[in-house]
Amino acid sequence: MEDREWLKSQIARELDLIMVAPKHSRFIRDEEGRPIAHYTLMNRWGLYELTTVVVDPKHQGKGISHQIIENCENPVCSFTKNERLAKALTKAGFKEAWWPGFLPFINMMFERHFRVLQMIFLLQWKRCFHQCLNLFNYRMYIRK
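In short, a report on the structure. Owing to the predicted nature of the structure, the values given are computational and were not obtained by experimental measurement. (Residues numbered from 1 in each chain as written. Predicted model: local features only at pLDDT ≥ 70, side-chain atom pairs only at ≥ 80, totals over all residues. Heavy atoms only, no water.)

Examining the pairing of strand β1 (residues 25-29)
Here's step 1: Sheet topology places β1 next to strand β2 (residues 35-43); five bridges connect them, and they run antiparallel. Within β2, the position partnered with R29 by the bridge is P35.
Here's step 2: Where β1 folds back on β2, the antiparallel hairpin that results is connected by five residues, among which G33 adopts a positive phi of roughly 90 degrees. (Pairing = 2+ DSSP bridges. Helix = DSSP H or I, 4+ residues; strand = E, 2+ residues; numbered from the N terminus.)

Remarks on the nonpolar core
Here's step 1: Among the nonpolar cores identified, the biggest contains 19 residues, and I28, L50, I64, I68, I69 and L89 are the most heavily contacted of them.
Here's step 2: Elements that contribute at least two residues to this core include exactly β2, β3 (48-55), α2 (64-70) and α3 (83-91).
Here's step 3: Those residues in contact with I69, other than ones at most four positions away along the chain, are L50, L85, A88, L89, A92, F94 and R143. (Core = buried A, V, L, I, M, F, W, Y, C linked by side-chain atoms within 4.5 Å. Buried < 20%, exposed > 50% of the residue type's maximum accessible area, 1.4 Å probe, protein only. Contact = heavy atoms within 4.5 Å.)

A short note on helix α4 (residues 102-121)
Here's step 1: Over its 20 residues, α4 extends 29 Å from the first C-alpha to the last, a length consistent with the 28 Å expected when each residue adds 1.5 Å.
Here's step 2: Tucked into the core, α4 has its buried residues touching β3, β4 (76-80) and α5 (125-133).
Here's step 3: Two residues or fewer after α4 comes L123, characterised by a positive phi angle close to 55 degrees. (Expected span 1.5 Å × (residues − 1).)

Overview of the packing of α4 against α5
Here's step 1: Where α4 meets α5, the closest approach of the two axes is 8 Å, and the angle between their N-to-C directions is 150 degrees. Taken as a pair, α4 and α5 cross one another with a handedness that is left-handed. In this structure, α4 contributes V116, M119 and I120 to the contact, and α5 contributes W125, R127, C128 and Q131.
Here's step 2: When grouped by side-chain class, the residues that make up the contact of α4 with α5 number five nonpolar, one polar and one charged. (Axes fitted to C-alpha atoms, helices over the stretch in contact; angles between N-to-C directions. Left-handed = near helix turned anticlockwise from the far one by under 90°. Nonpolar A, V, L, I, M, F, W, Y, C, P; charged D, E, K, R; others polar.)

Here we look at the layout of surface pockets
Here's step 1: Each pocket or cavity is described by its volume, and for the largest pocket that value is around 1,400 Å³.
Here's step 2: Along the wall of the largest pocket there are 50 residues; nearest its centre are D16, F79, T80, K81 and Y138.
Here's step 3: Taken together, the residues that form the lining of the largest pocket break down as 25 nonpolar, 14 polar and eleven charged. (1 Å grid on protein atoms, 1.4 Å probe; cavity = no way out; pocket = protein on both sides within 12 Å on 5 of 7 lines; lining within 4 Å. Points joined across faces, edges and corners; volume = space filled by probe spheres on them.)

Considerations on the sheet that holds strand β5 (residues 95-97)
Here's step 1: Pairing is mixed across the open sheet formed by six strands, whose spatial order is β1-β2-β3-β4-β6-β5. This sheet does not close on itself; its edge strands, each paired only once, are β1 and β5. Neighbouring strand axes in the sheet, compared pairwise and without regard to direction, differ in orientation by 35 degrees on average.
Here's step 2: Pairing of β4 with strand β6 (residues 139-143), which is carried by five bridges, proceeds in the antiparallel orientation. Residue pairing for β6: T80 is matched across the bridge by R139.

The following block contains the structure:
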């Protein structure tokens, strides 16, 4: 299965995730070269943001999220409401925070507005509703 098709199938299961530009996609593969995990690391004007973390359900619980976090440059932040990812972030030295800094904040807000417009344009009403409904459940974690 092609990487993009695998990622689409994983994202289709999870309303919290959104497709990203291929240039930002990073995959972790098994011994046969098949994707088993995906993440993106976006530069937000001096702060990297870890987004779209996906681990194939057959490979969850094997420490792959910890491997992903180890691959992140510092400083890095991540927004999540997933308790397992939040635990992995905390274990890796991330602290819960509410402010990433002015320039990263401006960059993230433009990008978030673009995501909402993308969901509306692609008629992804269920995903858009889910994102809005859970907006205040997300927490930001930063490692400097």
